[in-house]
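For reference, the chains in residue letters:
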Amino acid sequence: QVQLVESGGGLVQAGGSLRLSCAASGRTFSIYNMGWFRQAPGKDREFVAAISRSGGNTYYADSVKGRFTISRDNAKNTVYLQMNSLKPEDTAVYYCAADTRLRPGVREAMLYDYWGQGTQVTVSS
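Residues numbered from 1 in each chain as written. Predicted model: local features only at pLDDT ≥ 70, side-chain atom pairs only at ≥ 80, totals over all residues. Heavy atoms only, no water.

S.K.: Help me understand the overall build of the protein chain in this model?
M.R.: Looking only at helices and strands, one finds zero helices and eleven strands in the protein chain. For the protein chain, the succession of helices and strands along the chain, N to C, is β-β-β-β-β-β-β-β-β-β-β. The globule rule puts the C-alpha radius of gyration for 125 residues at 14 Å, and the 13 Å found for the protein chain is close to it. Here the C-alpha coordinates of the protein chain stretch approximately 40 × 25 × 25 Å along the principal axes. Looking at the 125 residues of the protein chain, the share that counts as buried comes to 45%. Taking the intrachain contacts of the protein chain between residues at least 6 apart in sequence as the baseline, contacts between residues at least 24 apart amount to 59%. Looking at the protein chain, you have 14 positive and 10 negative side-chain charges, and the mean spots of the two groups are 5 Å apart. (Helix = DSSP H or I, 4+ residues; strand = E, 2+ residues; numbered from the N terminus. Rg over C-alpha atoms; globule rule 2.2 N^0.38 Å. Buried < 20%, exposed > 50% of the residue type's maximum accessible area, 1.4 Å probe, protein only. Contact = heavy atoms within 4.5 Å. Lys, Arg positive; Asp, Glu negative; His and termini not counted. Charge placed at Lys NZ, Arg CZ, Asp CG, Glu CD.)

Here is the structure:
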């Protein structure tokens, strides 16, 4: 089992940047494929980005491609989401997720077993 704790959310103006972190504890971090998801009020949780165990492969939703970058540091048991050129429609609670069984890049939230508590990102216009 793994415990996930997100941090780095906050309030930012449109066009600004934030970097989210997700720190993992428990089992060996490098065995997990990792993902970032977000959920806006009244909407379903949606895929944002994912990264393979080694970090060699990354996957993005079309809505964030070219603006967001997912990365991981297995020595620090941490996955990151660098968010640039933020838009008001990026406002949501952002969650990191982990799973050992899936192939990397899975976009369905229900298939991930472990979740953090979420961190709020608010982008003002």
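S.K.: Sorry, what's going on with the pattern of salt bridges here?
M.R.: When charged atoms on two side chains of opposite charge get close, those side chains can pair. In the structure shown here, the tally under the stated rule is six salt bridges. A salt bridge links Asp113 to Arg101; its shortest N-O distance comes to 2.8 Å. Placement of Asp113 in the loop between strand E9 (92-99) and strand E10 (114-115) and of Arg101 in the loop between E9 and E10 is noted, with a sequence separation of twelve residues between them. Accessibility expressed as a relative area gives 41% for Asp113, which makes it partly exposed. (Salt bridge = Lys/Arg side-chain N within 4 Å of Asp/Glu carboxyl O.)

S.K.: Sorry if this is basic, but what is going on with the state of the cysteines here?
M.R.: Think of a disulfide as a covalent bridge from one cysteine sulfur atom to another cysteine sulfur atom. Per the counting criterion, the structure on display carries one disulfide. Note on cysteine connectivity: Cys22 is disulfide-linked to Cys96, with sulfurs 1.9 Å apart. Here the S-S torsion is close to 50°, and the disulfide linking Cys22 with Cys96 is therefore right-handed. Placement of the pair is Cys22 in strand E3 (residues 18-26) and Cys96 in strand E9, with a sequence separation of 74 residues. For Cys96, a relative accessible area of 0% gives the class buried. (Disulfide = S-S within 2.5 Å.)

S.K.: How do you make sense of the sheet that holds strand E7 (residues 68-73) when you look at a structure like this?
M.R.: Sheet strands pair via backbone hydrogen bonds, and the direction of the pair is either parallel or antiparallel. Within the open sheet, the four strands sit side by side as E1-E3-E8-E7. Their pairing is antiparallel. Each edge of the open sheet carries a strand with a single partner, namely strand E1 (2-7) and E7. Direction aside, neighbouring strands of the sheet carry axes that sit 15° apart on average. Both E3 and strand E8 (residues 78-83) contribute to a ladder of six bridges, which runs antiparallel. Within the sheet, the bridge partner assigned to Cys22 lies in E8 and is Val79. (Pairing = 2+ DSSP bridges. Axes fitted to C-alpha atoms, helices over the stretch in contact; angles between N-to-C directions.)

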